Amino acid sequence: MRRERRFRVLKGLALAAALALPSVAAAGAVLEPKFSSSDNYGENFSFIGDLDDGTFIFAQLTVTNIGPGSRTGICRTTVLSPGQKAWTAQTKVKAKDWGYDADTHTLKMGPCSARSTAEGTRVEVPLDGGRVLLEYAAPMTRQTVDGSLVEVGKDRYHHELTLPFSALKATVKRPKGADVTGAGGGYADHTRSTIAPAKLAKRWVRFRALRGGEKLLLLAREGHEGDYGPVYAMAEGAEARTLEHFTLARDGVKERSSWKVELFANGAPTMVLRSTSLLQRSAPVEDLGSVLGGIVRTVVGSPVTYLHRGVLEREGQAPVTGLMEVTLEGDL
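The shown structure was predicted, so the numbers you read here are calculated from the model rather than taken from an experiment.

A. Inspection of the overall build of the protein chain at higher detail. The helix and strand tally for the protein chain stands at three helices and 21 strands. A buried classification covers 53% of the 332 residues belonging to the protein chain. In the protein chain, once contacts between residues fewer than 6 apart in sequence are set aside, the share between residues at least 24 apart is 58%. Working note: accessible area of the protein chain is about 14,400 Å², and carbon and sulfur atoms make up 49% of it.

Rendered as structure tokens:
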């Protein structure tokens, strides 16, 4: 029991990190994993929906060697709807139960699948008697930006944006519930790493404004040695703007935490990001307790992620609201 629980945590934490941008390549095999034999290898295809009714949807297809075994596939989803209990579901599959079909441009992960063609992108996650269906209006592409490659020794982490902004139709069926369909804005990215998760970053800040008049993305990473990068902001239809560094201030603890992020360019603050309301605090290693958590922590660290509604402020421009994430290596 304890070994199986550890296995699930190691896989689920295989790679929760980052974002980046432009240098567009045609869809083709965007969903085809590029496997590595590294023990620290993890590759994520992540999909997000922010619906007009305030519902947040996350779906992810992962391939990883972290933990027992190799070439393990993971499919998971999280749905957060106003006034309802969070729904999360996850399954893991062996190497023989996942694969990429080049003829149909489809990645299958056990019962889950993601497919992208010129007509659009479709992600389906049927788990635990429920189902999430994400239908993006846009096809997936490969986009990268300066700073999207992180190196630690001989190991590397790379991020590419695959759906920065897209209209989205989402259908959610909770276990024992009925289909509920909504519309909103969608996002997707792809990350691949051979860096041990605990060594990748000290903290991350992400912001995604996917609905409304102005759509915008922001990503900021601080390394363990006080280095920064990638740090950038990108508006829909524009080139990414590279920034220098950021500061992160906190008020409160755990679920009562609120955050202020200042981002700098040319030595001066250029934008401020503030949290407004908490959607979820996620601390999977912390939740395991001191004994089992201590074992897992040696491999993946102890990441804690706060998901908020937030607002981005810039001098001379209207504020932009969206989804704000703060991820810390240890919740200190």
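What follows continues from the structure just given.
B. Geometry of the confidence of the model for the protein chain. Mean pLDDT over the protein chain: 88, with 87% of residues reaching 70 or higher. Counting interchain partners and residues more than four positions distant, the pLDDT-below-50 stretch residues 1–27 has 104 contacts. Confidence drops under pLDDT 50 across residues 290–295; counting only partners more than four residues distant or on other chains, this segment forms eight contacts.

C. Main features of the packing of aromatic side chains. This model, assessed by the stated rule, comprises five aromatic pairs. Relative to Tyr136, the ring of Phe47 has its centre 6.2 Å away and its plane inclined at 50°; by these criteria the two rings are tilted. Of the two residues, Phe47 is situated in strand β1 (residues 42–51) and Tyr136 in strand β9 (residues 130–136); the sequence distance between them amounts to 89 residues. Comparing Phe47 with Tyr136 shows no difference in burial state: the two are buried. One residue, Arg71, lies across the ring of Phe35, its end atom 4.4 Å from the ring centre. Between Arg208 and the ring centre of Tyr187, over which it is positioned, the NZ or CZ distance is 4.5 Å.

D. Quick look at unusual backbone geometry. Note the cis peptide between Gly229 and Pro230, where omega equals 0°. Residue Arg71 is not a glycine yet carries a positive backbone phi of 55°. For Arg71, the position within the fold is in the loop between β2 (56–64) and β3 (72–80). Relative accessible area serves as the criterion here: at 33%, Arg71 is assigned to the partly exposed category. Here Lys176, not a glycine, exhibits a phi torsion of approximately 70°, which is positive.

Criteria and thresholds
Residues numbered from 1 in each chain as written. Predicted model: local features only at pLDDT ≥ 70, side-chain atom pairs only at ≥ 80, totals over all residues. Heavy atoms only, no water. Helix = DSSP H or I, 4+ residues; strand = E, 2+ residues; numbered from the N terminus. Buried < 20%, exposed > 50% of the residue type's maximum accessible area, 1.4 Å probe, protein only. Contact = heavy atoms within 4.5 Å. Areas by Shrake-Rupley, 256 points an atom, 1.4 Å probe, with all protein chains shown as cover. pLDDT = per-residue confidence, 0-100. Phe/Tyr/Trp six-rings, centres within 6.5 Å; stacked < 30°, edge-to-face > 60°. Lys NZ or Arg CZ within 6 Å of the ring centre and 35° of its normal.

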